[in-house]
There are 2 protein chains.
Amino acid sequence: MISETVENYLKALFTLADEEGKVSVSELSQCLEVSKPSANSMAKTLHQEGFLIYKKYKPLVLTKYGRKAAALVIRRHRLTEMFLVEKMGFAWDEVHDVAEQIEHVQSPMFFERMDELMDFPKFDPHGSPIPDRDGNIVEADWVPLSACAEGDSVSFVGLAQSSKSLLQLLDGHKIALNQIFEVTTIEPFDQSIVINRDGFPALTLSRQVCNEMLVRVK
Amino acid sequence: MISETVENYLKALFTLADEEGKVSVSELSQCLEVSKPSANSMAKTLHQEGFLIYKKYKPLVLTKYGRKAAALVIRRHRLTEMFLVEKMGFAWDEVHDVAEQIEHVQSPMFFERMDELMDFPKFDPHGSPIPDRDGNIVEADWVPLSACAEGDSVSFVGLAQSSKSLLQLLDGHKIALNQIFEVTTIEPFDQSIVINRDGFPALTLSRQVCNEMLVRVK
DNA sequence: TAATATATTTAGATTAATCTATATGGTGCT
DNA sequence: AGCACCATATAGATTAATCTAAATATATTA
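Here the structure is a predicted model, which is why all the values come from computation and not from measurement. (Residues numbered from 1 in each chain as written. Chains lettered and ligands numbered in written order. Predicted model: local features only at pLDDT ≥ 70, side-chain atom pairs only at ≥ 80, totals over all residues. Heavy atoms only, no water.)

### A closer look at the sheet that holds strand 4 (residues 143-144) of chain A
Residues and elements named next belong to chain A. Strand order in the open sheet formed by six strands is 4-9-5-6-7-8, with antiparallel pairing between adjacent strands. Since the sheet does not close on itself, it has two edges, and those belong to strand 4 and strand 8 (203-205), each with one partner. Pairing of strand 5 (residues 153-159) with strand 6 (residues 180-186), which is carried by three bridges, proceeds in the antiparallel orientation. Each bridged residue has a counterpart across the sheet, and for Val-154 the counterpart in strand 6 is Phe-181. (Pairing = 2+ DSSP bridges. Helix = DSSP H or I, 4+ residues; strand = E, 2+ residues; numbered from the N terminus.)

### Quick look at the packing of aromatic side chains
Throughout the structure, instances matching the rule amount to seven aromatic pairs over all chains. Here A:Phe83 and B:Phe83 contribute two aromatic rings whose centre-to-centre distance is 6.5 Å and whose plane-to-plane angle is 85 degrees, an arrangement assigned as edge-to-face. Highlighted residues: A:Phe83 in helix 4 (residues 64-88) and B:Phe83 in helix 4 (residues 64-88), drawn from two different chains. We classify B:Phe83 as buried; its relative accessible area is 4%. (Phe/Tyr/Trp six-rings, centres within 6.5 Å; stacked < 30°, edge-to-face > 60°. Buried < 20%, exposed > 50% of the residue type's maximum accessible area, 1.4 Å probe, protein only.)

### Some thoughts on the environment of B:His104
Residues and elements named next belong to chain B. Its place among the elements puts His-104 in the loop between helix 5 (96-102) and helix 6 (108-117). Considering only alpha carbons, one finds His-104 and Ser-3, 101 residues apart in sequence, at a separation of 8.5 Å. In terms of polar contacts, His-104 uses its side chain to reach the side chain of Asn-8, at 3.1 Å. Looking at His-104, its side chain comes within polar contact range of the side chain of Glu-103, at 3.1 Å. (Polar contact = N/O pair within 3.5 Å; in protein donor to acceptor, adjacent residues only side chain to side chain.)

### Description of the interface of chain A and chain B
Accessible area lost upon the coming together of the parts serves often as the stated size of an interface. If you look at the interface, chain A gives 20 residues, while chain B gives 20 residues. The interface formed by chain A and chain B includes zero salt bridges. Between chain A and chain B we count four residue pairs in polar contact (both at pLDDT 80 or more) in total. When contributions to the side of chain A that touches chain B are tallied by element, the ones reaching two or more residues are helix 4, helix 5 (96-102) and helix 6 (108-117) of chain A. Per element, the largest residue contribution to the side of chain A that touches chain B is five residues, and it comes from helix 6 of chain A. Per-class residue counts for the side of chain A that touches chain B are eleven nonpolar, five polar and four charged. (Contact = heavy atoms within 4.5 Å. Salt bridge = Lys/Arg side-chain N within 4 Å of Asp/Glu carboxyl O. Nonpolar A, V, L, I, M, F, W, Y, C, P; charged D, E, K, R; others polar.)

### Here's the deal with the packing of helix 6 of chain A against helix 4 of chain B
Between helix 6 of chain A and helix 4 of chain B, whose axes approach to 12 Å, the crossing angle comes to 35 degrees. Note on packing geometry: the crossing formed by helix 6 of chain A with helix 4 of chain B is left-handed. Where helix 6 of chain A approaches helix 4 of chain B, its residues A:Phe110, A:Arg113, A:Met114 and A:Leu117 are matched on the opposing element by B:Leu84, B:Lys87 and B:Met88. (Axes fitted to C-alpha atoms, helices over the stretch in contact; angles between N-to-C directions. Left-handed = near helix turned anticlockwise from the far one by under 90°.)

### Details of the relation of the copies chain A and chain B
With an RMSD of 0.3 Å, the operation that places chain A on chain B is a rotation of 180 degrees combined with a shift of 0.1 Å along the axis. On the angle and the small slide along the axis, the relation comes out as a two-fold axis. Relative to the rotation axis, the closest C-alpha in chain A is found at A:Ile102, a distance of 3.4 Å. Counting the interface residues of chain A, we find that 100% of their copies in chain B are interface residues as well, pointing to one common contact surface. (Least-squares fit on C-alpha atoms with pLDDT ≥ 70 in both.)

### Structural notes on the pairing of strand 6 (residues 180-186) of chain B
Of the pairings in the sheet, the one linking strand 6 of chain B to strand 7 (residues 193-196) of chain B comprises four bridges and is antiparallel in character. In the sheet register, B:Glu182 faces strand 7 of chain B, and the bridge partner there is B:Asn196.

### Focus: the protein's contact with DNA strand C
Of all residues adjacent to DNA strand C, which total 20 residues, the nearest are A:Ser26, A:Asn40, A:Lys44, A:Tyr57 and B:Ser38. Near the protein, meaning within 4 Å, the atoms of DNA strand C are sugar or phosphate in a fraction of 78%, with bases accounting for the rest. With respect to DNA strand C, the side chain of A:Tyr54 contributes an N or O atom lying 2.9 Å from a phosphate oxygen. Between DNA strand C and B:Tyr9, the relevant distance is 3.1 Å, taken from a phosphate oxygen to a side-chain nitrogen or oxygen of the residue. Of all elements in the fold, only helix 2 (25-32) and helix 3 (36-48) of chain A together with helix 1 (4-16) and helix 3 (36-48) of chain B reach the threshold of two or more residues within the surface near DNA strand C. Classifying every residue of the surface near DNA strand C gives nine nonpolar, eight polar and three charged. (Near = heavy atom within 4 Å.)

The structure is reproduced here in structure tokens:
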């Protein structure tokens, strides 16, 4: 059984990886707030278990097996964050520390139930994609609108999950598929987004709405 | 911060305590499936931390402080069990192992939210009382009907939580406060209970209903 | 290319929780 | 009272995860 500590190292390695999948021991130790010798020694252990490739003085690289294990921890983390916000009334910025603990619960059923109850969300409350049951992370050309930066020009290409009430809301604002708009402002207070479209007045969309709207950044 | 291991020892000590609060090292070691020296050595640690009274060759007794800490772990365990059943569609006999893990989550808010969402239940899905926020365990002369044994003769004295739909259901069956009845059968399959009352035909009540009905055993 | 700075590794110690094997205290029986 | 038995305690080792201090490798830069 994978210990919580190992799961945390895997998660860190996954998120720190650069384009080639490389992570330095220093980065790793900093990210986890442990000493460099600790990170180094754990790297050797993870190598022995087949989670990563360790060669003296070389950057660390997760194996396929390691990446899958890591993605599954991240899946549990993000599902939990989403559940805390959607079903338990937490604010999106209060969930991290709790999710950090719950992600280690050993019970596939527990996370499957969360997933079901939320109707299989594709993104967490911060707009990060939730890996699927097999650890595949949806590599798509779209992101939730909530993940965009001020000034981005985007086209609206779909919804993360479609509910009647959301469709009605979008309809009411005359927002349609393939429409093009610009992210004018992101409110620091509540992360609501102001968009601008040709031929329409400026429009403010709540964080919840932006989480569900998938856009392609130009 | 109290480690998970310590929390598990406290929980075991609390539940194993006899009328005088005494627990032997052997019982403790058996309950937690550790060796006797392990239990002994942890007993010394818990003594140092003020959780229990340890005297060589004498039975272990939790201090007031220890009992409170233990009750709070049990509170989290039972709240979690209830939440899994009520809000996440688990069966009442599937929840123990998961709750065993979640009870250690460090986040008062998380458990407060559970409590609120369930409308402050007084008993867990197995009919055991849920200690309050201060670690007080309701010592009452009534128990949920679901905690009764076949053959018990009881009087109906109240509800654990009253919802309109439950009241309507009871009304429909002409069940009223202070009525006296006998627990005739407990179905092994779904823990539904058949009761018998003077002047009424036999009646089957579901586990959910029995959980909410508080009775005094004669 | 040599000197220096930075990153990485090794050595050795620490802590919490556990174990096995052994020793000792307390209780009950003859 | 003495002996045997069971519960309890001690000694000493082990494991995972961590640390500090010191040594060594790689990279940078004069």
